[in-house]
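Chains, contacts and geometry: an overview
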Amino acid sequence: MPYELVVCIKQVPDPRFISRIRINPETKTIIREGVPAVINPLDKHALEEALRIREQHGGRVTVVSMGPLQAEDACKEALAMGADRAVLITDRRLAGSDTLATALALSKAIRRIGGFDLVLCGAETVDGSTGQVPPQLAEFLGVPHVTRVFSLALKGREAEAKAALEYGYRRVLLRLPAVVSVIREINEPRIPSVSGILRAHQIPVEKWTIEDIGLSEDEAGIKGSPTIVSDVYEIEVRRKREVFQGPPEEAARWLFERIVSVLGG
Amino acid sequence: MEFTFTSKQEMLRKAAREFAEREVAPRVQEMDETGEVPMDLVKKMFDLGFGGLLIPQEYGGSGMGHVARMIVIEEISRISPPLGFTLQIVHLGQAPVIYFGSEEQKRKWLPELAKGALIASSAVTEPTGGSDVLGIQTTARKEGDEWVISGRKCFITNAHFSNIHGVLAKTGDREFSYFMVEADRPGVKLGRKEDKFGLRGCVTGEIAFDEVRVPEENLVGSPGKGLRVALASISNVGRPGVAAVALGILRRCLEEAAKYAKERKLYGKPISDLQAIQWKLTDIYMDYQTSWLLVYYAAWLRDQNIRVDAENAMCKLWATEAAVRAAKLLTEVFGAYGVLREYVPQRLLRDAQVLIPSAGTSDIMRVVMARKALEFSP
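Residues numbered from 1 in each chain as written. Chains lettered and ligands numbered in written order. Predicted model: local features only at pLDDT ≥ 70, side-chain atom pairs only at ≥ 80, totals over all residues. Heavy atoms only, no water.

Check the secondary structure of chain B and you find 11 helices and 10 strands. By the compact-globule yardstick of 21 Å for 378 residues, chain B fits well, its C-alpha radius of gyration being 21 Å. Expressed as a percentage of the 378 residues in chain B, the buried residues total 57%. Across chain B, contacts joining residues at least 24 apart in sequence account for 74% of those joining residues at least 6 apart. Positive and negative charge centroids in chain B, built from 49 and 48 side chains respectively, lie 3 Å apart. (Helix = DSSP H or I, 4+ residues; strand = E, 2+ residues; numbered from the N terminus. Rg over C-alpha atoms; globule rule 2.2 N^0.38 Å. Buried < 20%, exposed > 50% of the residue type's maximum accessible area, 1.4 Å probe, protein only. Contact = heavy atoms within 4.5 Å. Lys, Arg positive; Asp, Glu negative; His and termini not counted. Charge placed at Lys NZ, Arg CZ, Asp CG, Glu CD.)

Below, the structure written as structure tokens:
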């Protein structure tokens, strides 16, 4: 059976340029200028999974993103990978949204898109790393969810997901519609082909404001965000050092024992 | 004046870079060691549409054009010059059909060439002449409705996995014709694979044609006008393609030199603080930037259908010689590490040097440019 699939994507600073990223000490937000932007890596896995489901079962893939106008590039890239439709919620009044306000806005946009069978998200973003949006989104949509999925199979109105735990995994059966967040082990995202790139430029990215999705000003942006970020700081990484002094044979034995003890052997 | 890429071109660069970094990079060492062409990667390039950039959409390609082609070859060559070279020859093999084929020939071959079901070589050079095309001794004689081709071609890139060969053959006194010859026709024989010191993983070798019969419809362009077919293809596709490979090498040299100079510490500070090292880096930077301008300017002209033989020759000469200079400087920045096989500089140096005689030496490029230079007399 064909499925209506929605994929939430976020444009983030390219993690390969992480050393260039600075934090604004006043606003406690990331300074994005001068750092190339990409689709959040895990979101690409979510999109890839949606595309594979569509290829196997048929249906339609819509990507939804919330962000400034530049995020249109991320939407275009998603279209180039094969998405059928792209919606960008873009409105200055959404600036400063925490995960709750973001999840609410996304849920309203998804409702406006129409019926859905499955919403796929990356388990977390490289910039915020909270992992909160997918469960919050599921709550707002009133559907079940499972996070950190590395294997997914759809059969009729049910989905079977394997979700990673610290030491093992859970097998979860979900009734659709549902929200699923994925981790990188689930698949390898495709590279956009030339024909995909040409196609992406024929599909306009739909841009919606908070009025379009029926969000009030009080629910949007900083006003709709109960979270207060009291401080953000860069972690200083220091290597632990131990020095052994003595003849080479003893040093070798000492080093061997240190390695074994660290490895827990 | 406009120096920016379109949104489609930017996206194409990103896709090509992702392909190169994710799929090609892990194979580079193996290609250099074995000299074998990674056919699965060649197939992937076709699947991504990189094989059909010059082929118009109505014939199954994308028609994205010359600038787009330079972007893809630069990005792939930044990681693997031999794979970039393989791709550029794929395009060169298609060029005679794209630019000189009849409507029927285009419908027959281009869709297959775009998806990689057909891969065409460009078999022009012979032991007795490459740039001296009049020295070519392969002949084609007419017998009924067929042409019978005999001769030997050498230095033919992709020869050993192409399933159709573009062949320039003598059909009269100082008269040549261009034929598409299917590789499975009786009498087509593959000869040796050359053991090159660079661009390893890109195959170059010999093809012999022993009384090979092809039908009249395999003749591309007008009979007797084959020289123009071959030379225009080499000028507009072959030389710029080599230049784009050089551009990829230059970009890599700049990245590797900057990275190493910032990481390597001597006298208690990174060697990037030393002016002697900085000057090497700026020389590489200038060579990359000037080559970039020449390569993309010539490609832009070709996309406007402006005749650019001199500009094609100029970007080929400049970028390939710049790549050799840059790779040599990079080896020097790396000090003794630069000559070790496990580090990248020596490989780039070997690869760059192979580009100098490809598609015509620097001397031949000067001959081509001299005609244009002389036109400047007021």
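Once the structure has been displayed, the description carries forward.
Next up on the list: the domain arrangement of chain B. Residue and element names in this part refer to chain B. Parsing chain B into structural domains produces domain 1 (7-115), domain 2 (120-223) and domain 3 (228-374). Measuring from the centre of the C-alpha atoms in domain 1 to the corresponding centre in domain 2 gives 22 Å. Contact residues are listed per partner, giving 25 residues for domain 1 and 21 residues for domain 2. Summed over both partners, the interface of domain 1 with domain 2 buries about 1800 Å², with 64% contributed by carbon and sulfur atoms. Joining domain 1 to domain 2, the criterion identifies 0 salt bridges. Inspection of the domain 1/domain 2 interface yields 5 residue pairs in polar contact (both at pLDDT 80 or more). For the side of domain 1 that touches domain 2, the elements supplying multiple residues, two or more each, are α2 (28-34), α5 (81-100) and α6 (103-115). In terms of residue count, the dominant contributor to the side of domain 1 that touches domain 2 is α5 (11 residues). Here the residues of the side of domain 1 that touches domain 2 are counted per class, giving 15 nonpolar, 6 polar and 4 charged. (Domains from an automatic or database assignment. Buried area = accessible area lost by both parts, 1.4 Å probe. Salt bridge = Lys/Arg side-chain N within 4 Å of Asp/Glu carboxyl O. Polar contact = N/O pair within 3.5 Å; in protein donor to acceptor, adjacent residues only side chain to side chain. Nonpolar A, V, L, I, M, F, W, Y, C, P; charged D, E, K, R; others polar.)

The next subject is unusual backbone geometry. With omega at 0 degrees, the peptide bond leading from Leu-176 of chain A into Pro-177 of chain A counts as cis. Position of Pro-177 of chain A among the secondary structure elements: in the loop between β11 (168-175) and β12 (178-182). A positive phi is found at Glu-211 of chain B, a non-glycine position, where the angle reads about 50 degrees. Residue placement: Glu-211 of chain B occurs in strand β7 (residues 204-215).

As a further point, take the pairing of strand β4 (residues 164-172) of chain B. All names here are of chain B. Relative to β4, strand β1 (residues 120-123) runs parallel, the two sharing 4 bridges. Looking across to β4, one finds that Ser-121 is bridged to His-165. Relative to strand β5 (residues 175-182), β4 is paired through 8 bridges, and the arrangement is antiparallel. Across the sheet, Gly-166 pairs through a bridge with Met-180, a residue of β5. Between β4 and β5, which follow one another and run antiparallel, lie 2 residues, and Arg-174 among them has a positive phi close to 55 degrees. (Pairing = 2+ DSSP bridges.)

Bringing α6 of chain B into the picture now. Residues and elements named next belong to chain B. In a regular helix each residue adds 1.5 Å, so 13 residues correspond to 18 Å; α6 covers 19 Å between its end C-alpha atoms and thus fits that length. Along α6, the helix axis deviates most sharply at Trp-109, where the bend reaches about 35 degrees; the proline Pro-111 sits within four residues downstream. Close packing links the buried residues of α6 with α3 (39-47), α5, β1, β4, β5 and β8 (219-220). Looking one or two places after α6, you find Gly-116, whose phi comes out positive at around 90 degrees. (Expected span 1.5 Å × (residues − 1). Bend = angle between axes of the 7 residues up to and from the residue.)

A few words on the pattern of salt bridges. In total, this model carries 54 salt bridges over all chains according to the counting rule given. Residue Glu-143 of chain B pairs with Arg-141 of chain B through a salt bridge whose shortest N-O separation is 2.9 Å. When salt bridges with common partners are traced through the structure, they connect Asp-14 and Arg-16 of chain A together with Glu-21, Arg-78, Arg-251 and Glu-255 of chain B into a single cluster.

Relative to the helices and strands, Ser-181 of chain A is located in strand β12. If we ignore the near neighbours within four places in the chain, the residues touching Ser-181 of chain A are Cys-121, Gly-122, Ala-123, Pro-134, Val-146, Thr-147, Arg-148 and Val-149 of chain A.

The next thing to look at is the interface of chain B and chain A. If you look at the interface, chain B gives 19 residues, while chain A gives 18 residues. Between chain B and chain A the total buried area reaches about 1500 Å² when both faces are included, carbon and sulfur atoms providing 66% of it. It is Met-11, Arg-22 and Leu-48 of chain B in chain B that bury the most area against chain A; as a group they hold 38% of the surface buried on that side. Here chain B and chain A share 4 salt bridges between them. One salt bridge connects Arg-22 of chain B with Glu-188 of chain A, and the closest N-O pair in it is separated by 3.0 Å.

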